[in-house]
Amino acid sequence: MELQAREGRLIAAAGLGRVLVATAVPVERDAVVAGLGVLSLGSDESALGVAGGGRVDVIVAGVGAALAAARTASALTAAALHGTPYDLVVSAGIGGGFQPDAPVGALVVADEVVAADLGAETEDGFLSVTELGFGTVRHRPPGELVRRVAEVTGARAGAVLTVSTVTGTAARAAALRERHPTALAEAMEGFGVAEAAVAQGVPVLEVRAISNPVGPRDRAAWRIPDALAALTEGFGKLVPVLESWNRHDS
């Protein structure tokens, strides 16, 4: 594939049916890019046109839902203005897993992307913004795509929670699981990426490799290299699915 350097990024001729993968940080981007079959890039570069004849682009969207939403929206808008819109957005990276259903090293694909702490605390407990009447706290990826991803990669399918503060106690982990019984993982960007995608009518998917249990903050239990390796392996298996993805199948 012929790549052209422009303004500190690598640009590839865009094809049809394009996929945008949004990661939070460069090491996650590099893990995805390695799975897609190209070398890692520098810390400030996005990987554009890295697979499927230029159909899959990978960006660093930043940490947290707000920044991830803003950068994903910018990428979607730029592509649309250039006449090469995306047909799918994937939020990808590592995250915490709810035990025992999502052990460290496992891959999870979201059948729901949920903003788990977007709402209000009341004397009667937590109320989501949906319950408050102000919008949605969940987006559902295309069911057939989730099924195909799970089948090809061996990923577990379930809800992935987006939180603004990573869980650090057993009590909060239990409270989240009580509110969201199908939750398998938590991370910080998925809902922001999903909001940006849905606002432009683009389907969204979220894929997470589990680096640590959700619960008490124990750095000794983190397995970040193992999770990044699982992310790379998962995206290596995902290439045929992404290349064949057609949003009209959703």
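Residues numbered from 1 in each chain as written. Predicted model: local features only at pLDDT ≥ 70, side-chain atom pairs only at ≥ 80, totals over all residues. Heavy atoms only, no water.

Asks: I'm lost on the overall build of the protein chain in this one. Help?
Replies: Across its full length, the protein chain carries seven helices and 13 strands. A total of 250 residues make up the protein chain; the buried ones form 50% of that total. Put simply, of all contacts in the protein chain between residues at least 6 apart along the chain, 76% involve residues at least 24 apart. Carbon together with sulfur atoms contributes 55% to the accessible area of the protein chain, which is approximately 11100 Å² in total. (Helix = DSSP H or I, 4+ residues; strand = E, 2+ residues; numbered from the N terminus. Buried < 20%, exposed > 50% of the residue type's maximum accessible area, 1.4 Å probe, protein only. Contact = heavy atoms within 4.5 Å. Areas by Shrake-Rupley, 256 points an atom, 1.4 Å probe, with all protein chains shown as cover.)

Asks: What's the story with the nonpolar core in this structure? I'm lost.
Replies: Side chains of a nonpolar character, in soluble globular proteins, are inclined to be buried together. The biggest cluster of nonpolar side chains holds 31 residues, and the ones touching the most others in it are Val21, Val32, Val90, Val109, Leu205 and Phe235. Those residues in contact with Val109 that sit more than four places away from it in its chain are Val146, Val149, Ala150, Ala155, Arg156, Ala157, Gly158, Leu205, Glu206 and Val207. The next biggest cluster of nonpolar side chains, apart from the first, holds 28 residues, and it includes Val89, Ala185, Val202 and Val204. (Core = buried A, V, L, I, M, F, W, Y, C linked by side-chain atoms within 4.5 Å.)

Asks: Any chance you could explain a nonpolar patch on the surface here in plain terms?
Replies: On the surface, Leu127, Leu132 and Phe134 cluster together into a nonpolar patch covering about 290 Å² of accessible area. Among the secondary structure elements, Phe134 is positioned in the loop between α3 (129–132) and β10 (138–139). (Patch = residues over 30% accessible without salt bridge, like charges linked within 9 Å, V, L, I, M, F, W, Y side chains within 5 Å. Salt bridge = Lys/Arg side-chain N within 4 Å of Asp/Glu carboxyl O.)

Asks: Which parts of the structure should I look at to understand unusual backbone geometry?
Replies: Residue Pro100 is reached from Gln99 by a cis peptide bond, and omega for that bond is 5°. Tracing the chain through its elements places Pro100 in the loop between β6 (86–97) and β7 (107–115).

Asks: Got a minute to help me understand the pattern of salt bridges in this structure?
Replies: Opposite charge on two side chains allows them to pair when their charged atoms are near. The full count for this structure, using the stated rule, is eleven salt bridges. One salt bridge connects Glu112 with Arg140, and the closest N-O pair in it is separated by 2.8 Å. Of the two residues, Glu112 is situated in strand β7 and Arg140 in the loop between β10 and α4 (143–153); the sequence distance between them amounts to 28 residues. Residue class for Glu112 comes out buried when judged on its relative accessible area of 12%. Salt bridges sharing common partners tie together Glu112, Arg138 and Arg140.

Asks: Honestly, the packing of α4 against helix α7 (residues 224–244) in this entry has me stumped. Any pointers?
Replies: Packed helices, taken two at a time, are described by the angle between their axes plus the distance between the axes. Contact geometry of α4 with α7 gives a least axis separation of 9 Å together with a crossing angle of 140°. As for the relative orientation of α4 and α7, their crossing is right-handed in sense. Contacts between α4 and α7 involve Leu145, Arg148, Val149, Val152 and Thr153 from the former and Gly234, Lys237, Leu238, Val241 and Ser244 from the latter. Grouping the amino acids of the contact of α4 with α7 by side-chain chemistry returns five nonpolar, three polar and two charged. (Axes fitted to C-alpha atoms, helices over the stretch in contact; angles between N-to-C directions. Left-handed = near helix turned anticlockwise from the far one by under 90°. Nonpolar A, V, L, I, M, F, W, Y, C, P; charged D, E, K, R; others polar.)

Asks: Explain the packing of helix α2 (residues 65–81) against helix α6 (residues 190–199) here, please?
Replies: Two elements in contact, α2 and α6, have axes whose closest approach is 7 Å; the angle formed by their N-to-C orientations is 30°. The orientation of α2 relative to α6 falls into the category roughly parallel. Judged by the sense of rotation from one axis to the other, the crossing of α2 with α6 is right-handed. Touching Ala65, Ala68, Ala69, Thr72, Ala73 and Leu76 of α2 are Gly192, Val193, Ala196 and Ala197, all from α6. Among the residues forming the contact of α2 with α6, the class breakdown is eight nonpolar, two polar and no charged. (Parallel < 35°, antiparallel > 145°, perpendicular 65-115°, else oblique.)

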